Amino acid sequence: MASSDQGYLGVTPPISTAESNPREKEVTVTLMEELRRQGVFESEEESKTREIVLGRLAALVKKFVQRVSLTRGLSEAAAKAAGGKIYTFGSYRLGVHGPGTDIDTLCVVPRHITREDFFSILEGMLRELEGVTDVASVPEAYVPILTFVINGIPIDLLFAQLNLSTIPDDLDLSDDNLLRNLDERCVRSLNGSRVINEILRLVPNVSVFRDALRCIKLWAQRRAIYSNVNGFLGGVAWAMLVARICQLYPNAVAGAIVSRFFIIMHRWSWPQPVLLKPIEDGPLQVRVWNPKLYSQDKNHRMPIITPAYPSMCATHNVMASTQHIMTEEFKRGSEIVDQIINGEAEWSALFTKHDFFFRYKYYLQVVASSPDLDVQNKWSGTVESKMRQLVVRLEFVDALKLAHPFTKGLETVYYCLSEEEAQAVSRGEIPEKVANRKKEDIEGKEGAKTMYTTSFFVGLSLKPKEAGATGPRKLDISFPTNEFQKMVKGWVGYDESLMHIQIRHIKHTALPDFCFEPGEREAAARPKKRTRGVKDSPAPAAKRSRVESAAPEDSPPKRNLTASQDRSSSTPAPATSAATAMAELPHTAQTSDAIDSLAIAASA
């Protein structure tokens, strides 16, 4: 707990300093029991593995700095003394990580080690390290990143070059002077670790904060709104929201914090910023979030401001569509938790799986593919980092009410016996025989090829038909999709011979089977009686409004959903080709390429 000269933590006094009532303490106990049932806590064995992995990574970074230092002309002694250090941040540093989650790490190096060294030499050393798999890099990202897996533990590694000749083992990153003469990407990378340290300092009770945050993280993941890169909120932003509620109710237990979280966030007056402490100015030539000075900052829709200098907006990626979706989810969460507090629902209702793949009638499927796994890891990461730009462009299409991006890519592997089959896979058209083929079926076969694919999805919601309008409503999305393809193909590392990108418009009935849990699709298709109460059927607010009013033409038939967890891959059923999917609807324009020039019309 941090001390404060004003007697409280935060930018305003607490709403209440009272302790939680017996009922709130009771639901906190049941919350923790449910979190344990949901498997959010890792085992002691995995915890030890993480420590071993971090030790190996720290040793590798020192070896990397020493190797590069020698090439810069330093002596053996000076190269060894140059140091190099790993810092953790994110959920691991916050103490809310779970089984299988990645570890956010930061590689800090002296001034003579460059970002180019990081993405060439260190990446190469990682590929040679025993137990390392899935190495991929995105050097052009807003925050350049290396991702990989060591001994089964996923790692996200950022880079920061400090204006120091050596990096001592006891270096404290909270010193603002370390930011002198750094480029913006290094400042952003350093901010991750500095922000987490400040968050922990600014909450009144770290234990309560962690318990409440575990709940909110699980809820956001299950509802598919946990993804900074896709325009929702990332882990740091969710942590800052929970921390702010903890400041407003410093003596409340975790169950009470969760309840007030949904009430306050649903009613928050965006774009009023969420702050954990006053924004500080400093002597350094670095940009600090200020909507009065910077038009870009003024345009942030849901500003959540980091507490470490220089203050930045952690939610600059939020778009109109994703803000609308999150607002609906805040409302749904508020209604369910109110039922829980009143003894009318269980905590499991809050964590019901999202209905993304049942919610819309039309979807875009963006398929990134490659015959080389290492290439695919880089290529799919690049495409994912640009998906937000596709959604932004779709939001300008007049006939679209909402463009809803899914929060992760779904990976599949296909085993092809010919170049023709491989090309079909790269187009997102999967023949049934390819979908059912196994690895051993192509071993030793001449001309056989493995294709790695990652599919990203965007749900499309059309605006209601205007009163008195006749004929079909037209939706032309050829411009945003073509512009997106040009953007990703303009990547400096793009290789046309190895990297494929395809955008397909498909109806909800043609979604690949790998979008669903086993049996989920069939269960949803079976007609069932359902109630509308939050307790019995915790559907999102958007779905309730569709049930209670006339269903809009862009929504699929009403369905019951299972509460199973997300699944990232499975063997898909044959997918409808873009040309076939589009043929089901009248075209708004002649297209020579049904994939690249998407123009569809939704029938009235």
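Residues numbered from 1 in each chain as written. Predicted model: local features only at pLDDT ≥ 70, side-chain atom pairs only at ≥ 80, totals over all residues. Heavy atoms only, no water.

In the annotation of an unreviewed UniProt entry, the protein chain is listed under the name Poly(A) polymerase and assigned to Lentinus tigrinus ALCF2SS1-6. Here is the UniProt Catalytic activity (unreviewed entry) comment for the protein chain, exactly as written: "RNA(n) + ATP = RNA(n)-3'-adenine ribonucleotide + diphosphate". (UniProt positions renumbered as here; feature names shortened; annotations may be inferred.)

Counting secondary structure elements, the protein chain contains 19 helices and 12 strands. For the protein chain, with 604 residues in total, the buried portion stands at 54%. Surface exposure of the protein chain reaches about 26100 Å², of which carbon and sulfur atoms provide 48%. (Helix = DSSP H or I, 4+ residues; strand = E, 2+ residues; numbered from the N terminus. Buried < 20%, exposed > 50% of the residue type's maximum accessible area, 1.4 Å probe, protein only. Areas by Shrake-Rupley, 256 points an atom, 1.4 Å probe, with all protein chains shown as cover.)

Positionally, Leu122 belongs in helix α5 (residues 115-128). Among the residues examined, Leu122 registers a relative accessible area of 0% and is labelled buried. When the C-alpha atoms of Leu122 and Lys63 are compared, they prove to be 9.3 Å apart, with 59 residues separating the residues in sequence. With near-sequence residues (within four places) excluded, Leu122 lies in contact with Leu60, Phe64, Asp117 and Leu157. (Contact = heavy atoms within 4.5 Å.)

The subject of this paragraph is the packing of helix α8 (residues 235-248) against helix α9 (residues 254-267). Look at α8 against α9: their axes get within 10 Å of each other, and the N-to-C directions meet at 105°. With respect to their mutual orientation, α8 and α9 come out roughly perpendicular. The residues of α9 that touch α8, namely those facing Trp238, Leu241, Val242, Ile245, Cys246 and Leu248, are Ile257, Arg260, Phe261, Ile264 and Met265. Classifying every residue of the contact of α8 with α9 by side-chain character gives 10 nonpolar, no polar and 1 charged. (Axes fitted to C-alpha atoms, helices over the stretch in contact; angles between N-to-C directions. Parallel < 35°, antiparallel > 145°, perpendicular 65-115°, else oblique. Nonpolar A, V, L, I, M, F, W, Y, C, P; charged D, E, K, R; others polar.)

So, about the packing of helix α7 (residues 206-222) against α8. Interhelical geometry of α7 versus α8 gives an angle of 135° and a closest axis separation of 10 Å. One element, α7, and the other, α8, form an angle in the oblique class. The chirality of how α7 crosses α8 is right-handed. Residues Phe209, Ala212, Leu213, Ile216, Trp219 and Ala220 of α7 lie in contact with α8, whose contacting residues are Trp238, Ala239, Val242, Ala243 and Cys246. Of the residues in the contact of α7 with α8, the class split is 11 nonpolar, no polar and no charged. (Left-handed = near helix turned anticlockwise from the far one by under 90°.)

Here α7 is 17 residues long and its end C-alpha atoms lie 24 Å apart, about the 24 Å a rise of 1.5 Å per residue gives. Of all the 17 residues making up α7, 12 are buried; the element is thus mostly covered by neighbouring parts of the structure. Those residues of α7 that sit buried are Val208, Phe209, Ala212, Leu213, Arg214, Cys215, Ile216, Lys217, Leu218, Trp219, Ala220 and Arg222. Contacts from the buried residues of α7 go to α1 (22-37), α4 (90-94), α6 (184-202), α8, α9 and α11 (320-341). Its side-chain oxygen at 3.1 Å from the backbone nitrogen of Ser207, Asn205 defines the N-terminal cap of α7. (Expected span 1.5 Å × (residues − 1). Polar contact = N/O pair within 3.5 Å; in protein donor to acceptor, adjacent residues only side chain to side chain.)

Next up on the list: the UniProt feature "binding site: ATP" (unreviewed entry) in the protein chain. What UniProt calls "binding site: ATP" (unreviewed entry) maps, in this numbering, to Phe89, Gly90, Ser91, Asp102, Ile103, Asp104, Asp156, Lys217, Tyr226, Gly235 and Val236. One can find Ile103 in strand β2 (residues 103-109). Exposure remark for Ile103: the relative accessible area of 0% places this residue in the buried category. Each residue touching Ile103, except ones within four places of it in the same chain, is listed here: Arg50, Leu54, Thr88, Tyr92, Ile153, Pro154, Ile155 and Asp156.

This part is about the packing of aromatic side chains. All chains considered together, the criterion is met by 24 aromatic pairs. Ring geometry for Phe356 versus Phe357: centroids 4.9 Å apart, planes at 85°, classification edge-to-face. Consider the rings of Phe356 and Tyr363, whose centres lie 5.5 Å apart with planes at 70°: the pair is edge-to-face. Judged on exposure class, the residue Phe356 and its partner Tyr363 are both buried. Taken together, the ring pairs in this structure connect Phe356, Phe357, Phe358, Tyr360, Tyr363, Phe406, Phe457, Phe514 and Phe516 into an aromatic cluster. A cation sits over an aromatic face here: Arg188 above Tyr142, 3.8 Å from the ring centre. Across from the ring centre of Tyr249, 4.9 Å away, lies the NZ or CZ of Arg260, which sits over that ring. (Phe/Tyr/Trp six-rings, centres within 6.5 Å; stacked < 30°, edge-to-face > 60°. Lys NZ or Arg CZ within 6 Å of the ring centre and 35° of its normal.)

Among the structural elements, Lys474 can be located in strand β10 (residues 473-476). Linking Lys474 and Leu400, residues 74 residues apart in sequence, is a C-alpha distance of 9.9 Å.

Quick look at the sheet that holds strand β4 (residues 145-150) now. With respect to topology, 5 strands assemble into an open sheet ordered β1-β2-β5-β4-β3, the strand pairing being mixed. Pairing within the sheet leaves two strands with one partner each, and these edge strands are β1 (85-89) and β3 (132-138). Pairwise comparison of adjacent strand axes, ignoring direction, gives a mean angle of 25° for this sheet. (Pairing = 2+ DSSP bridges.)

This part takes up the pattern of salt bridges. Within the structure shown, the criterion is met by 29 salt bridges. Among the ionic pairs, Lys48 bridges to Glu44, the shortest N-O distance being 3.6 Å. In this pair, Lys48 and Glu44 are both assigned in helix α2 (residues 44-71), 4 residues apart and thus about one turn of the helix distant. Ionic pairing is found between Glu198 and Lys277, a salt bridge with its closest N-O pair at 2.7 Å. Here Glu198 is found in helix α6, whereas its partner Lys277 is found in the loop between α9 and α10 (295-298), with 79 residues between them in sequence. For the residue pair Glu198 and Lys277, the accessibility class agrees, reading buried in each case. (Salt bridge = Lys/Arg side-chain N within 4 Å of Asp/Glu carboxyl O.)

Structurally, Leu275 can be placed in the loop between α9 and α10. For Leu275, the contacting residues outside a window of four places in its chain are Val11, Arg244, Gln247 and Ile305.

A few words on the nonpolar core. Within the largest apolar cluster, 146 residues are counted, with the highest numbers of intra-cluster contacts made by Phe209, Trp219, Trp238 and Phe261. For this core, the leading source of residues is α8, giving 10 residues. Those residues in contact with Trp219 that lie beyond four places of it in its chain are Ile225, Trp238, Phe261, Phe262, Glu329, Phe330, Arg332, Leu350 and Phe351. By size, the runner-up hydrophobic cluster in this structure holds 27 residues, among which are Leu364, Leu390, Leu400 and Ile503. (Core = buried A, V, L, I, M, F, W, Y, C linked by side-chain atoms within 4.5 Å.)

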